[in-house]
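Observations on the three-dimensional arrangement
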Amino acid sequence: MNGRVKITGVEPLAEAQNQSRPYAQVATPAPGKPAPADSSGCHGGKAELTRAAEAAGNGELMQRLRADYPQGPHDQPQSMCPAFGSLRVGLRMRRTATVLSGSACCVYGLTFTSHFYGAKRTVGYVPFNSETLVTGKLYEDIREAVHKLADPELYDAIIVTNLCVPTASGVPLRALPKEINGVRIVGIDVPGFGVPTHAEAKDVLAGAMLNYARLEVAAGPVPAPKNAASGRPTITLLGEMFPVDPVSIGRMLEPLGLAAGPVVPTREWRELYAALDCAAVAAIHPFYTASVREFEAAGRDVVGSAPVGVEGTAAWLDAVGEACGIPVRTVDAAKAPVLAATRAALEGAPIAARITLSGYEGSELIVGRLLRESGADLRYVGTACPRTRWNEADADWLAGHGVHVEFRASLEKDIAAVDSFEPELAIGTTPVVQHAKHKSIPALYFTNLISARPLMGPAGAGSLAAVINAAVGNKDRFDAMTAFFEGVGVDHTAGVWHDANRLPVKKAKAAAPLVAAKSSVTMEDF
């Protein structure tokens, strides 16, 4: 368990170093050099902050972010600060310290949200003011902070994250030492004006850690993972998922002579080595572009989609078999019992409701496939994440089954789908759920009630039916509540009026114009 292992197949160190730096090294800012973002602050608007970052030496960084996380037609989904995603990844890792550099209001909001989601970990914060930002003292303060934190008895790694203002000002985290006292230092930039969603911010950190680990692997033997391998080649699973899903995937892989490998983002640094030491990678969540780049640089094939439903499971096992060079006859024999069990589970838990689905986690398309194979009349799938080569098969499958798929979907598009398709159940983000319930349509929050369930293989096939069918069955309760509270707290009855004889005049309700939903919302709209 405490030994060291050599991972085969990864490039020699010299080649790895040439390909490992996705961003240019940035020199420490000279004292007295003005920080372009100081005058605009974090409310300066996306265009202004981007110009400031490029002027401050982060042009290559911004180009890489645009390439990895393409925007449009909707450039900034209305969800939480993207940095929450990378912060969550760091806080879930053992023996890992997390430090934020950004405006105090942003740091407060991020730490509050993180602790709300159950993190019981300290979050470091390096404060700044106009003077320390302009003179470059902020970088020196960050450097001093990581030196103080770098205790190898406590930590394997320290993650330092620049938020909007330090990124726009060119604070050069990549100039930090790569290692202090044996503790790895990983600096990343997660600006809200460069990373569209918190889901993609998870990839920013995962990709940076994989890059660091890949260089370690290329340099020689590394610490062996704690959990001994089964002896079979493994499939690394890319993207957070319900804990039982890796187990289900492992059972499906066993007849192929394979095993389920680590889930990336990992929970411990040395798991990164095991993730790199795989036969192939399954991009269960398709937006981990930086992570895929590291796996491909290590010579690993990457397979898209996921084993959901009968058709999805069959296609995924075929793709895994092809990537690992397994004979078709062996793959077909392994598929037969899995597909039979999945088909039986779907038939035993049918869904017949008309549904719209939207979310910002990145798993919306595979959930949509599962709903459609369960019998649901699925009309719309909206995701805040982009189209990638790893979700093209899912998008094509859904389109072939009459489902409209919207990438980089705006809140306006998701709400317009609810209004247009009049579903019996709306699955979506909080404001979509609120809008649906206001119309007496049962609704479920995607993140907590749908995506946080088993989805893969036979175990996932019947997992959604109970909660969805129960929600659809509540339609009469919604109608009763709407009838009871009709007219209360809206229009002329809103507010507190002590004199009943002086109520506002009730206005006739104007006919709603047929206006298409706004296709693109920018940060400047807020």
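One can find the structure itself at the top, above this paragraph.
Residues numbered from 1 in each chain as written. Predicted model: local features only at pLDDT ≥ 70, side-chain atom pairs only at ≥ 80, totals over all residues. Heavy atoms only, no water.

Two numbers describe a pair of packed helices, the interaxial angle and the distance between the axes. At their nearest, the axes of helix H8 (residues 198–219) and helix H11 (residues 289–297) sit 7 Å apart, and the two run at 20° to each other. Considered as vectors, H8 and H11 are oriented roughly parallel to each other. In the packing of H8 onto H11, the handedness of the crossing is left-handed. Of the residues in H11, those touching H8 at Asp-203, Ala-206, Gly-207, Leu-210, Asn-211 and Arg-214 are Thr-289, Ala-290, Ser-291, Glu-294, Phe-295 and Ala-297. Across the contact of H8 with H11, the residue classes tally to 5 nonpolar, 4 polar and 3 charged. (Axes fitted to C-alpha atoms, helices over the stretch in contact; angles between N-to-C directions. Helix = DSSP H or I, 4+ residues; strand = E, 2+ residues; numbered from the N terminus. Parallel < 35°, antiparallel > 145°, perpendicular 65-115°, else oblique. Left-handed = near helix turned anticlockwise from the far one by under 90°. Contact = heavy atoms within 4.5 Å. Nonpolar A, V, L, I, M, F, W, Y, C, P; charged D, E, K, R; others polar.)

As a further point, take the packing of aromatic side chains. Here the structure, examined in full by the defined rule, presents 4 aromatic pairs. Aromatic pair Tyr-212 and Trp-269: ring centres 5.5 Å apart, planes at 90°, arrangement edge-to-face. With Tyr-212 in helix H8 and Trp-269 in the loop between strand S9 (259–264) and helix H10 (271–276), this pair connects stretches of sequence that are 57 residues apart. Taken individually, Tyr-212 and Trp-269 each receive the classification buried, so the pair is uniform in this respect. (Phe/Tyr/Trp six-rings, centres within 6.5 Å; stacked < 30°, edge-to-face > 60°. Buried < 20%, exposed > 50% of the residue type's maximum accessible area, 1.4 Å probe, protein only.)

A word on the pairing of strand S15 (residues 425–428). Burial of S15 is two-sided: the residues Leu-425 and Ile-427 facing one way and the residues Ala-426 and Gly-428 facing the other way are all buried. Sheet analysis places S15 next to strand S16 (residues 443–445), joined by 3 bridges and oriented parallel. Looking at the pairing, Gly-428 lines up with Tyr-445 of S16. (Pairing = 2+ DSSP bridges.)

A sheet is described by the order of its strands in space; here 4 strands give the open sequence S9-S8-S10-S11, paired in parallel fashion. The sheet is open, and its two borders are formed by S9 and strand S11 (301–303), each paired with just one other strand. The average undirected angle you get between the axes of adjacent strands in this sheet is 30°. Sheet analysis places strand S8 (residues 234–238) next to strand S10 (residues 280–282), joined by 3 bridges and oriented parallel.

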